[in-house]
Amino acid sequence: MFGWTGVFLQVDLSRNKAVAESYDTLLALNYIGGRGFAAKILWDKLNPGIDPLSPENKLVFAAGPLTGLGVPNSGKLVVAAKSPLTGGYGDGNMGTFAAIQMRKAGYDAVIIEGKAETPVVLHIKDKVAEFIDAKDIWGLNTFETEAQLKILYGRTAGVVSIGPAGENLVKFAMVMSQEGRAGGRAGMGAVMGSKNLKAVVFEGYNEIPVAYPKDMKELSAAGYREVLTKPSYSFWKRQGTMSTVEWCQENSALPAFNFREGVFEKANKIGGFTMEKIKVSNRGCPNCNMTCGNVVKDSDRKESEIDYENVVMLGSNIGLGNLRQVAVLNRVADELGLDTISLGSAIGFAIETSQKKRIPEKLDWGKYKETKELIKDIAYRRGFGDVLAEGVKAAAAKIGHGSADWAMHVKGLEVSAYDCHAAPAMALSYATSSVGAHHKEAWVIAWEVKFGRGSYDEEKINKVIEMQRLRGGVFESLVVCRFPNTSLDFEIEWYTKYLRAATGRDLPFNALIYAADKTLNLIRAFWIREYGNSWTREMEIPPMRWFKEPLTEGPMKGAMLDLVKFDGMLKKYYKKRGWDERGIPRKTTLQKLGLPDVAKELEKHVKLSE
Ligand code: PTT
Ligand code: SF4
C-alpha cells in the first residue's frame, strides 16, 4: 500500500503485549482513516454493554493517509473509545507530533486494551513497544509529564499524556499534548487513566510509503504557499478563533451565565482585541503555518494558550470578565487534563444550582479564586467536585430539584460554546452530532445568522447534513485540520490531489463523502447498539432552557426555540438521513452504504425499520 502503512498495532496492557497486524486495503478504501478506522475498530472489537472504564474498553489512536507527509495542517490524531461520559461513541481530534511519529513508526492506528497492573508509559519506537514503569510520574500534571518524558526520549518524541483528572477518572478528562493541544472531550483521558496508562511516547524513523513522492513534495509546498495568500490569513494569525467572541456577542450567541443569556456585558474584555494586547506568541500543531493557538501571559505570569471555546466557557459562561484570569483557569485545566468546555459548563451549572439554593455549597458568578479551587476539586474529586466530575447530566440526576432543566448537555456531552436560544440549526447540529453536543461537525451558526434565525426550514437541515459529512466525515477521516478550508477557503480539491500523490489512487470527493456517510452511520449504529430499546428521540432534544426561558437581553431579546417545530425538524432530518422516527438507521440505508452486516448485528438489539 502507498499512503497508508497498512498496519495497526494492537496493545494489551494486561499482558504487556504488542502485536503488529496488517489490515486489508478494502478497509482503507472504505473508511479512509482516523475517525473511520476508529469507528470500525470499536464496532468490530467491542462487546456492547461493557463498562467504558473497564479493561475491555479499547482506546484507539488513529491517523489518516496524509498524516506525517508534510501536507498542510496534517499533524493531527484521532483518539477514540466508548465514552464514559455518554455511554456512546466518543472521540476527539488533537494536533500533536505523536501523530507524525506514530506513522513514521509504521502504524496507521494503535489500539490499546486491558489494564496495566501499575501505572505505565507505553513507549513505541518503530517495531518495538515497551511498557515503562510510571509510578514516579503518576500524579504529575500533563506539562510536567511531557517535559519529563522528553528528557528521557528527546525533543522530537511525540507524547500524549493524562493529568490528575484522567488518573482520577473524571468523566470529561482529556488526552493532552504539547501544553495546549487537547483531544477527546467525551472522557478519552479517563479511559486512558482507567488503563493505568499515564502516557504514550511515539518515535518513528521510517519513511511513510508514498506513491508519487515528487508530486507530493511539490503539492505540499504549493499548499503552504496557497494558505499564505488567503485574504483572511493575516487576521487569522492575529486572532485565530478568538474573533468569535465579538461575533457571538453581536449576534446573541455567546454562552453567558450557564447559557441563560446570549450576551455578556464584559464580552469585549475577554475578546479577540483584548487578547491581542496581552498576546506573546502563536503556537500550534505540527505541519501548520496557520498556528492558531494564541499564547498570552496570564495572571500568574505564566503562558497560556487560549482559543474561543476555552475563553468563553471559562469566562462569560461563568460570569468572569478578566482575560488574564480566564487564561489561568484555561492553563490549569490543560495541566490537570480537563476538557474546558465541559468544565465551564459544570461550573456554570454548579453556580446556578447554588444561586437557586438547591445545594448547600455557596458559589457565585465571576469568582476567580474560588473557581480555580473548584477546578482542582473536580480534577481530584474532592467534596462537591466529585459530583461535578461525573458531568452535568449525572450531577443533575444526583442533585435533583429540577436542576436537569439547566444541565446543558445532549446525550451526556456538555454543549459547546454557542447559545442556541435563537439558532435552531445549531441546536440541530448539537442534537445529532456523533459524540454529543459538540460543534465540531456542523458549525452552522455563522451561516444560520445570515440565512435567517427564526426558521426551521429544510435548507437548514440540508446545511447541517452537508457540514456533518464534510467536517465530521471527510476531515475526521483524512485527519487533517479543517481550519484551512473552513476559515480560509483553502479549496477542498487540494485534498483529493494530496490523496492521489500519497496513495496513487483517484479518490474523488464523492468517494470521500460516501465513506463519510458510512462512518457516520456506523457511529450511529454504535450508539444504538449500546442503548438498545432505551434509545429514544427525546434523548436528542437539546436542553429545555432554550425552549422555556427566552433571552432577557441583547439584540435577540425574547427569542427561544419552539419545541414542536424543533421536533418536526429533527424528524425531517432523520428522514433525510434514512433513519426512522426514533433516529435509528433503516435496514435499507445500512444496506445501501454497504453495511448489511451492521444491520444484521443491530437487529439483535433493536427492531430495525425497512
Ligand atoms: C475539541 C475542543 C475544542 S474545539 C476546544 S477549542 W476549538 C477546546 N480546547 C481545549 C483545550 O485547548 N484545552 C482543554 N483542556 N480542553 C479543551 N477542550 C476543547 O476541546 C484544536 C483546534 C480547534 S480549537 C478546533 S475548534 C478545530 N477542531 C478540529 C477538529 O475537531 N477536527 C479537525 N479535523 N480539525 C480541527 N481543527 C481545529 O483544531 P475534541 P487541538 Mg481538539 C487547549 O479534540 O475532543 O474534538 O475537542 O485539538 O490540537 O487542541 O486543536 O475553538
Ligand atoms: Fe492546529 Fe490551528 Fe494549525 Fe489547525 S490551524 S493545524 S488547529 S494550529
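Above this text sits the structure in question.
Below you will find a few notes about this structure. Computed from a predicted structure; not experimentally measured.

Counting its secondary structure elements, the protein chain contains 26 helices and 17 strands. Its C-alpha atoms give the protein chain principal-axis dimensions of about 60 × 55 × 50 Å. The proportion of buried residues among the 610 residues of the protein chain is 66%. A separation of at least 24 residues holds for 70% of the contacts in the protein chain among residues at least 6 apart in sequence. When the accessible surface of the protein chain is summed, it comes to about 21100 Å², and 51% of that surface belongs to carbon and sulfur atoms.

Now for the packing of aromatic side chains. We describe a pair of aromatic rings using the distance from one ring centre to the other and the angle between the two ring planes. Evaluated as defined, the whole model comprises 26 aromatic pairs. Here the aromatic rings of tryptophan 236 and phenylalanine 483 are separated by 4.9 Å at their centres, their planes lie at 65°, and the arrangement is edge-to-face. Pair noted here: tryptophan 236 is in helix 8 (residues 233-239) and phenylalanine 483 is in helix 20 (residues 483-488), with a separation of 247 residues, a long-range link. An aromatic cluster is built from Phe475, Phe490, Trp494, Tyr495 and Tyr498, whose rings are joined through pairwise contacts. A cation sits over an aromatic face here: arginine 529 above tryptophan 43, 3.9 Å from the ring centre.

Two pairing modes exist for strands in a sheet, parallel and antiparallel, and in both the strands are linked by backbone hydrogen bonds. Spatial strand order, 2-1-6-3-4-5: six strands in an open sheet with mixed pairing. Each of the sheet's edge strands pairs with one partner strand only, and the pair in question is strand 2 (17-22) and strand 5 (89-95). The average angle at which neighbouring strand axes cross in this sheet is 20°, direction not considered. When strand 3 (residues 59-62) meets strand 6 (residues 109-113), the two strands line up antiparallel, connected through four bridges. The residue of strand 6 that forms the bridge with valine 60 is isoleucine 111. Where helix 2 (residues 34-45) meets the sheet, it contacts strand 1 (7-12), strand 3, strand 4 (76-82), strand 5 and strand 6, and its direction lies at approximately 20° from that of strand 4.

The rules behind these values
Residues numbered from 1 in each chain as written. Chains lettered and ligands numbered in written order. Predicted model: local features only at pLDDT ≥ 70, side-chain atom pairs only at ≥ 80, totals over all residues. Heavy atoms only, no water. Helix = DSSP H or I, 4+ residues; strand = E, 2+ residues; numbered from the N terminus. Buried < 20%, exposed > 50% of the residue type's maximum accessible area, 1.4 Å probe, protein only. Contact = heavy atoms within 4.5 Å. Areas by Shrake-Rupley, 256 points an atom, 1.4 Å probe, with all protein chains shown as cover. Phe/Tyr/Trp six-rings, centres within 6.5 Å; stacked < 30°, edge-to-face > 60°. Lys NZ or Arg CZ within 6 Å of the ring centre and 35° of its normal. Pairing = 2+ DSSP bridges. Axes fitted to C-alpha atoms, helices over the stretch in contact; angles between N-to-C directions.

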